[in-house]
Amino acid sequence: MLCRRKCCRVIQQGEVTVEELKDKIAKGAILIDVRSRQEYAEGHLQGAINMPEYELQKRAFKELPKKNQLIVMYCQYGGRSREACKKMKQMGYTNIYNLYGGLDNI
């Protein structure tokens, strides 16, 4: 008999829970949805800006000029936005968070 366990990833530094997300929004966080335009059109968090991961380097400096601005990034499951956070940090952004588990965790 094959036994399958559900594997769960532990929340890491730089990630926020849904409860923490609400607090970040109250503090003025900018929400960035890194999914494709089609995914965004199918549903997104209110007030979120759609900036697909593959467009970050082209758009971030222009649309997010303050590198210390509070930003929370998300995608469907949390993987793409986790990678997007890494890219943003490499670009010099300092106050970046990833929504743990993405939209599927809401």
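Numbering of residues begins from 1 in every chain and follows the order in which that chain's sequence is written. Local features are withheld for residues below a pLDDT of 70 in this predicted model, meaning they are given only at 70 or higher, and side-chain atom pairs are given and counted only at 80 or more; totals for whole chains, interfaces and linings count all residues. The basis for the side-chain values is all heavy atoms of the structure; hydrogens and waters are excluded.

### Some words on the side chain of R35
- Numbering of helices and strands runs from the N terminus; a helix is a DSSP stretch of H or I covering at least four residues, while a strand is a stretch of E covering at least two. One can find R35 in the loop between β2 (30–33) and α2 (37–41).
- Buried means the residue's accessible area, taken with a 1.4 Å probe over protein chains only, is under 20% of the maximum for its type, while exposed means over 50%, and partly exposed covers the values in between. With relative accessibility at 3%, the residue R35 sits in the buried group.
- We call two N or O atoms a polar contact when they sit within 3.5 Å, provided that within protein one can donate a hydrogen and the other can accept it, with sequence-adjacent residues counted only if both atoms are side-chain atoms. Among the polar contacts listed, one links the side chain of R35 to the side chain of D33, at a separation of 2.8 Å.
- Among the polar contacts listed, one links the side chain of R35 to the side chain of Q76, at a separation of 3.1 Å.
- Two residues qualify as a contact provided that any one of their heavy atoms is within 4.5 Å of a heavy atom in the partner residue. The contact partners of R35, leaving out residues within four places of it in the chain, are Y40, G43, H44, N50, P52, Y74, C75, Q76, R80 and L103.

### Examining the packing of aromatic side chains
- What counts as a ring pair is set by centres within 6.5 Å for rings of Phe, Tyr and Trp (its six-membered ring), and what kind of pair is set by the plane angle: stacked under 30 degrees, edge-to-face over 60, tilted for all other angles. Evaluation of the coordinates by the stated rule reveals one aromatic pair.
- Arranged with centres 6.1 Å apart and planes meeting at 25°, the rings of F61 and Y93 form a pair that is stacked. Here F61 is found in helix α3 (residues 56–63), whereas its partner Y93 is found in the loop between α4 (79–90) and β5 (96–99), with 32 residues between them in sequence.
- For a Lys NZ or an Arg CZ to count as sitting over a ring, it must be within 6 Å of the ring centre and within 35 degrees of the ring normal. The ring centre of Y97 lies 4.1 Å from the NZ or CZ of K24, which sits over that ring.

### What about the nonpolar core?
- Take the buried Ala, Val, Leu, Ile, Met, Phe, Trp, Tyr and Cys residues and link them wherever side-chain atoms come within 4.5 Å; each set so joined is a nonpolar core. Counting 15 residues, the largest nonpolar core has I32, L64, I71, M73, M88, Y93 and I96 as its most contacted members.
- Elements represented by at least two residues in this core include exactly α3, β4 (71–74) and α4.
- Tallying contributions element by element places α4 first for this core, with three residues.
- Apart from residues no more than four positions distant in its own chain, M73 is found in contact with I32, V34, L56, S81, A84, C85, M88, I96, Y97, N98 and L99.
- Among the nonpolar cores identified, the runner-up in size contains 13 residues, and V16, V18, L21 and A48 belong to it.

### Topic: the confidence of the model for the chain
- Scored from 0 to 100, pLDDT reflects the predictor's confidence in each residue. On average, residues of the chain score 92 in pLDDT, and 92% of them are at 70 or above.
- Contacts for the low-pLDDT stretch residues 1–6, under 50 throughout, to residues beyond four places or in other chains number zero contacts.

### So, the pairing of β4
- Burial of the side chains of β4 extends over both faces: I71 and M73 are buried on one face and V72 and Y74 on the other.
- Across three bridges, β4 lies against β5 in parallel orientation. Bridging from a neighbouring strand, V72 pairs with Y97 of β5.
- Here, the term right-handed applies to a crossover whose path from the first strand over the helix to the second runs clockwise when the strands point away from the viewer. With α4 bridging β4 and the parallel β5, this β-α-β connection has right-handed handedness. Each pair of strands is called paired provided DSSP finds at least two bridges between the two strands.

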